[in-house]
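So the chains spell out like this:
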Amino acid sequence: MIKRITFALTIVALVAGCSSGVKLDDVPVEDKTATSTMGGANSGANSGTTGESGVRGVDLNQSGRDGAGPVGVSRIVYFDYDSYVIKSEFQSLIEAHSRFIKAGQGRKVMIEGHTDERGGREYNLALGQKRAEAVRRSFALLGVPESQMEAVSFGKEKPAAQGGTEDVHSQNRRAELSYR
């Protein structure tokens, strides 16, 4: 009995000692990148139809989103190192996209927050979420309904460029807008 209690206390002490010190209180991080493990007729990469399960297929080629958005306006907001403050140079981009989203009731924008490779996974997921939320709040201030926006974080998991230079890092510190 004493061995079991000692063993249980040891496990609790190990778990407590290995816990992360990253503060995620400001913005909750949700993993919205989960993929379906169901096979069948609906498991094709370009299947846009719904099967018996009612789950819609995912277009991995992103052909449906590439032409979406205001014509001639970038869909990427870049950030400084370790920051989620939107620079003034991206204000016109934010305004153009907010007008585009508000012009169509059925339009929905996914705001994807990304970071460079530096830092831990948890920290980068939180920072990516803060970047996506900063863009979402800017849209909301310009009158875009909450029902037409979703902010998610990919952290450092989907880099735009590979390498360890400052130029590469600056390309990865971003929020990308994609339309559904």
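Residues numbered from 1 in each chain as written. Predicted model: local features only at pLDDT ≥ 70, side-chain atom pairs only at ≥ 80, totals over all residues. Heavy atoms only, no water.

**Q** Explain the pattern of salt bridges to me, please; I cannot follow it from the model alone.
**A** When the charged atoms of two side chains with opposite charge come close together, those side chains can pair. Across all of its chains, the model carries 10 salt bridges by this definition. Salt-bridge contacts for Glu166 lead to Arg118; the nearest nitrogen and oxygen are separated by 3.8 Å. Placement of Glu166 in helix α5 (residues 166–172) and of Arg118 in the loop between β2 (109–114) and α4 (121–141) is noted, with a sequence separation of 48 residues between them. Accessibility expressed as a relative area gives 30% for Arg118, which makes it partly exposed. In this structure, the salt-bridge partner of Glu166 is Arg173, at a minimum N-O distance of 3.1 Å. For Glu166, a relative accessible area of 45% translates into the label partly exposed. Overlapping salt bridges bring together Asp116, Arg118, Glu166 and Arg173 as one network. (Salt bridge = Lys/Arg side-chain N within 4 Å of Asp/Glu carboxyl O. Helix = DSSP H or I, 4+ residues; strand = E, 2+ residues; numbered from the N terminus. Buried < 20%, exposed > 50% of the residue type's maximum accessible area, 1.4 Å probe, protein only.)

**Q** What's the story with the confidence of the model for the protein chain in this structure? I'm lost.
**A** One rule of thumb: low pLDDT means the predicted coordinates there are not for detailed reading. Across the protein chain, the average pLDDT comes to 78, with 66% of residues at or above 70. In the predicted structure, residues 22–51 sits below a pLDDT of 50 and forms 40 contacts with residues beyond four places in sequence or in another chain. Contacts for the low-pLDDT stretch residues 56–66, under 50 throughout, to residues beyond four places or in other chains number 24 contacts. (pLDDT = per-residue confidence, 0-100. Contact = heavy atoms within 4.5 Å.)

**Q** Where do I start with the packing of aromatic side chains in this structure?
**A** When we look at a pair of aromatic rings, we describe it by the centre distance and by the angle of the planes. This structure, assessed with the given rule, holds 2 aromatic pairs. Summarising the aromatic geometry, the rings of Tyr78 and Phe90 are spaced 6.3 Å apart at their centres and angled 50 degrees between planes, so their arrangement reads as tilted. Here Tyr78 is found in strand β1 (residues 76–78), whereas its partner Phe90 is found in the loop between β1 and α3 (91–103), with 12 residues between them in sequence. Among the residues examined, Tyr78 registers a relative accessible area of 28% and is labelled partly exposed. Residue Phe90 is classed as buried on the basis of its relative accessible area of 10%. Judged by centre distance (5.1 Å) and plane angle (80 degrees), the ring pair of Phe100 and Tyr179 falls under edge-to-face. (Phe/Tyr/Trp six-rings, centres within 6.5 Å; stacked < 30°, edge-to-face > 60°.)

**Q** What is the right way to look at the pairing of strand β3 (residues 149–155) in this model?
**A** Side-chain positions along a regular strand alternate between the two faces of the sheet. Taken across its 7 residues, β3 has 7 buried, putting it largely inside the fold. Because side chains alternate across β3, one face comprises the buried residues Met149, Ala151, Ser153 and Gly155, and the other comprises Glu150, Val152 and Phe154, equally buried. By the bridge criterion, 6 bridges tie β2 to β3 in an arrangement that is parallel. In the strand pairing of β3, Ile111 is matched with Ala151. In this fold, β2 hands off to α4, which returns the chain to β3; that crossover is right-handed. (Pairing = 2+ DSSP bridges. Right-handed = clockwise from strand over helix to strand, strands pointing away.)

**Q** Can you walk me through the pairing of strand β4 (residues 174–179) in this structure?
**A** Within β4, 6 of the 6 residues are buried, which leaves the element mostly enclosed by the surrounding structure. Burial along β4 is two-sided: the face carrying Arg174, Glu176 and Ser178 and the face carrying Ala175, Leu177 and Tyr179 are both buried. Across 3 bridges, the pairing between β1 and β4 is antiparallel. Following the sheet pairing, Val77 is matched in β4 by Ala175. Direction of pairing for β2 relative to β4: antiparallel, over a ladder of 6 bridges. Within β4, the position partnered with His114 by the bridge is Arg174.

**Q** Looking at this structure, I do not really get the side chain of Ser83. What am I missing?
**A** In this fold, Ser83 is placed in the loop between β1 and α3. At 3.1 Å, the side chain of Ser83 and the backbone nitrogen of Val85 are in polar contact. For Ser83, the contacting residues outside a window of four places in its chain are Leu127 and Arg131. (Polar contact = N/O pair within 3.5 Å; in protein donor to acceptor, adjacent residues only side chain to side chain.)

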